[in-house]
Amino acid sequence: MSERVPAGGAFKAAAGMHESLNLEHLGDAKRLLYTYCPGEFCEAYLDRLTRTAILVARARIEDLSRDEKYAGVDRGIIDLSNRLVKVYAEYIAGMLVTVGESVLVRAKAPIPLENTVAEPGETVPLPPAKAVGLVLAGLAEPVREIAIKLRVPDYPAGPEKGDNAG
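This is a predicted model, so every value here is computed, not measured.

**A short note on the overall build of the protein chain**
Within the protein chain, the regular secondary structure consists of 5 helices and 6 strands. When the helices and strands of the protein chain are placed in sequence order, the string is α-α-α-α-β-β-β-β-β-α-β. When each of the 166 residues of the protein chain is scored for burial, the buried share is 30%. Restricting the contact set of the protein chain to residue pairs at least 6 apart, pairs at least 24 apart contribute 51%. When the accessible surface of the protein chain is summed, it comes to about 11100 Å², and 59% of that surface belongs to carbon and sulfur atoms.

Structural data, given as structure tokens:
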């Protein structure tokens, strides 16, 4: 069972031997799910599958975020993870404008707020998680600190090749 689901299995993931995720893998996972659920083994299967899949997902994101040549069906998820790491790094490094605990973002599309809508071009302070979520969705862009005239280089999320940090 762990040979094909999820995405090469936990042992391969732990060793960094990730298979390229494809529709066949997803189909295998769905077939196994419907083999055991509903049924007497469903709860135990879902428990083990969920715990294993979380570990495999973390390993895949960590390992594949540095692999520019990776082209599985989950490439977009890996890219999304890299964008999350980049904007989070800017946030914790103090590069983003904050107002109290909120992060300032500029709307790129209409953004529904509690009692109003932020129109494109408007700048609004939002809780960090909401601000980053909108940035990742492409609906907003973070406002970066201008007082220090910082130009943020486009570093990859993971260590550079040859870097001993990873």
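Here the narrative resumes, following the displayed structure.
**Observations regarding the packing of helix 3 (residues 42-64) against helix 4 (residues 75-92)**
Helix 4 packs onto helix 3 with a crossing angle of 75° between their chain directions and a minimal axis gap of 10 Å. With respect to their mutual orientation, helix 3 and helix 4 come out roughly perpendicular. Across the interface between the two elements, Arg-60, Ile-61 and Leu-64 from helix 3 touch Arg-75, Ile-78 and Ser-81 from helix 4. Along the lines of polarity and charge, the residues of the contact of helix 3 with helix 4 split into 3 nonpolar, 1 polar and 2 charged.

**Examining a nonpolar patch on the surface**
Residues Leu-23, Leu-26 and Val-73 make up a contiguous nonpolar surface patch of about 290 Å² in total accessible area. Looking at the element boundaries, Val-73 is found in the loop between helix 3 and helix 4.

**Some points on the pattern of salt bridges**
The full count for this structure, using the stated rule, is 8 salt bridges. Notably, a salt bridge pairs Arg-75 with Asp-79, separated by 2.8 Å at the nearest N-O pair. With Arg-75 and Asp-79 both in helix 4 and 4 residues apart, the pair spans about one turn of that helix. Between Glu-141 and Arg-106 there is a salt bridge, with its nearest N and O atoms 3.4 Å apart. Taken together, the residues Glu-141 in strand 6 (residues 140-142) and Arg-106 in strand 2 (residues 102-107) connect sequence positions 35 residues apart. Assessed through its relative accessible area of 32%, Glu-141 is described here as partly exposed. The exposure class of Arg-106 is partly exposed, given its relative accessible area of 31%. It is possible to trace a salt-bridge network through shared partners that takes in Lys-86, Glu-90 and Arg-144.

**A few points about the pairing of strand 5 (residues 123-126)**
The side chains of a regular strand alternate between the sheet's two faces. Of the two faces of strand 5, only one is covered, namely that formed by Val-124 and Leu-126; the face formed by Thr-123 and Pro-125 stays uncovered. Pairing analysis gives 4 bridges linking strand 2 to strand 5, with the strands arranged antiparallel. Bridging across to strand 5, Arg-106 finds its partner in Thr-123.

**Looking at the state of the cysteines**
This model, assessed by the stated rule, comprises 1 disulfide. Paired by a disulfide, Cys-37 and Cys-42 hold their sulfur atoms 2.0 Å apart. One quick way to see it: the torsion about the S-S bond of Cys-37 and Cys-42 is about 100°, and its sign makes the bridge right-handed. Assessed through its relative accessible area of 10%, Cys-37 is described here as buried.

Cut-offs used in this document
Residues numbered from 1 in each chain as written. Predicted model: local features only at pLDDT ≥ 70, side-chain atom pairs only at ≥ 80, totals over all residues. Heavy atoms only, no water. Helix = DSSP H or I, 4+ residues; strand = E, 2+ residues; numbered from the N terminus. Buried < 20%, exposed > 50% of the residue type's maximum accessible area, 1.4 Å probe, protein only. Contact = heavy atoms within 4.5 Å. Areas by Shrake-Rupley, 256 points an atom, 1.4 Å probe, with all protein chains shown as cover. Axes fitted to C-alpha atoms, helices over the stretch in contact; angles between N-to-C directions. Parallel < 35°, antiparallel > 145°, perpendicular 65-115°, else oblique. Nonpolar A, V, L, I, M, F, W, Y, C, P; charged D, E, K, R; others polar. Patch = residues over 30% accessible without salt bridge, like charges linked within 9 Å, V, L, I, M, F, W, Y side chains within 5 Å. Salt bridge = Lys/Arg side-chain N within 4 Å of Asp/Glu carboxyl O. Pairing = 2+ DSSP bridges. Disulfide = S-S within 2.5 Å.

Worth remembering: the numbers are spatial, not functional.
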